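# Architecture at a glance
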Amino acid sequence: MTAPAIWMQTLRGRAMDLDAPTPEMVDLYGEVAEALARQPRYGGHTPSGVYSVAQHCVLGADTILAETGDATLAAAFLLHDAHEAYITDIMTPVAQAIQARTGRALAARLPLDPKLGGRLAIHGEKAAAEALSSLKRDLDAAIFAAAGQPWPHPPEIAAAVKHWDIRMLNAERRQVMARAPYPWAPEIERVPPARLRGRIRLWPWPEAADAFRAHLTTFFPHLCPPRVA
């Protein structure tokens, strides 16, 4: 068997082809749930302990369902960060820094032509952003297909997931993060926080993984969880 050109070893010793992922490579119950439960939000910069991506997805899905009754939207939210099981939670400021440095690195190749260098910097930033976006899109396509769901989302679902992600962020950062030294981006600050049921209790990773698996069964009942020998 020939190895893919760009692959990673998964939790249970399988291969995920990061350049051409397929639904058959995705193990939602056994690998995605556990990897997300071990994956910290906010780069682990939460003073009270690890707030996992899995807990974020579960709490967000529950909050959406309680406020809107929209099970389709809640299910989409449950899986919206599932690609982070394979590429980790790359924080937005980290992605922005990589894009800016890619642009500057390209511009530095033509130091004698500042005007051309500036255009190269812009193209470099856009290329880096698109590379990361396309990686996420391909993984999302494989993950949602593994869940038996259509991809891409209809525009209204995609927009709602993004909106709720910001609402959850605003609720979370008030509860699990330290006080911010500066205002966050305006498109974040102007969105109201999600109305969570009480304070966030940080779940240990086994509890977060089990909760994620339980929600998979709730929202995708057609899926059959793997049998445990």
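Structure report, in brief. (Residues numbered from 1 in each chain as written. Predicted model: local features only at pLDDT ≥ 70, side-chain atom pairs only at ≥ 80, totals over all residues. Heavy atoms only, no water.)

## Some points on the layout of surface pockets
How we decide: A cavity, in this analysis, means grid points on a 1 Å lattice covering only the protein atoms where a 1.4 Å probe fits yet has no way out; a pocket is instead an open set bounded by protein on both sides within 12 Å along at least five of seven lines, and a residue lines either one if it has an atom within 4 Å of a point. Grid points are joined across faces, edges and corners, and a volume is the space filled by probe spheres set on the points. Numbering goes from the N terminus for both helices and strands, where a helix is a DSSP run of H or I of at least four residues and a strand is a run of E of at least two. Residues are grouped as follows: Ala, Val, Leu, Ile, Met, Phe, Trp, Tyr, Cys and Pro are nonpolar; Asp, Glu, Lys and Arg are charged; every other residue, Gly included, is polar.
By volume, the largest pocket is sized at about 1700 Å³. What lines the largest pocket is a set of 44 residues, and nearest its centre among them are I90, M91, T92, K136 and D165. The set of elements that each furnish at least two residues to the lining of the largest pocket consists of α5 (92–107), α6 (114–146), α7 (155–176) and α8 (186–189). Reported here for the second largest pocket is a volume of approximately 220 Å³. Residue lining of the second largest pocket: 14 residues in total, with L59, D62, T63, L196 and R197 positioned closest to the centre. Its residues placed into classes, the lining of the second largest pocket shows 5 nonpolar, 3 polar and 6 charged.

## Quick look at the packing of aromatic side chains
The test is simple: Note on ring pairs: Phe, Tyr and Trp rings are taken, using the six-membered ring of Trp, and paired if centres are within 6.5 Å. Classes follow the plane angle, with under 30 degrees stacked, over 60 edge-to-face and the rest tilted. Partly exposed describes any residue whose relative accessible area lies between the buried limit of under 20% and the exposed limit of over 50%, with all areas from a 1.4 Å probe on protein chains only and scaled to the type maximum. Geometrically, a lysine NZ or arginine CZ counts as sitting over a ring once it is within 6 Å of the ring centre and also within 35 degrees of the ring normal.
Going through the model one piece at a time under the given rule, you end up with 1 aromatic pair. Centre to centre, the rings of F144 and W151 are 5.1 Å apart; their planes meet at 25°, and the pair counts as stacked. Taking relative accessible area as the criterion, W151 reaches 30% and is therefore assigned partly exposed. Across the ring face of W184, the terminal group of R173 is positioned such that the distance to the ring centre comes to 4.6 Å.

## Quick word on the pattern of salt bridges
Working definition: two side chains of opposite charge can pair if their charged atoms are close together. Note the threshold: Salt bridges, as used here, are contacts in which a Lys or Arg side-chain nitrogen is within 4 Å of a carboxyl oxygen on Asp or Glu.
Applying the stated criterion across every chain yields a total of 11 salt bridges. E172 is paired through a salt bridge with R41; the nearest N and O atoms lie 2.7 Å apart. Of this pair, E172 sits in helix α7 while R41 sits in the loop between α1 (28–38) and α2 (53–68), and the two are 131 residues apart along the sequence. Across the pair, R41 and E172 agree in class, each one buried. With a shortest N-O distance of 2.9 Å, D210 and R213 are connected by a salt bridge. With D210 and R213 both in helix α9 (residues 205–219), this residue pair falls 3 residues apart, about one helical turn. Residue classification places D210 among the partly exposed residues on the basis of a relative accessible area of 46%. Taken together, the shared-partner salt bridges in this structure form one network comprising R12, E34, R38, D210 and R213.

## Comments concerning α5
What counts here: A helix's residues, less one, multiplied by 1.5 Å, set its expected span. The directions from the helix axis to the C-beta atoms are what the arc is built from.
End to end, α5 covers 23 Å across 16 residues, agreeing with the expected 22 Å (1.5 Å per residue, within 8%). What α5 keeps buried is the set A95, Q99, G103 and A107. With its buried residues spanning 110° around the axis, α5 presents them on a single face. Every exposed residue of α5 that faces more than 90 degrees away from the buried side is listed here: P93, R101 and R104.

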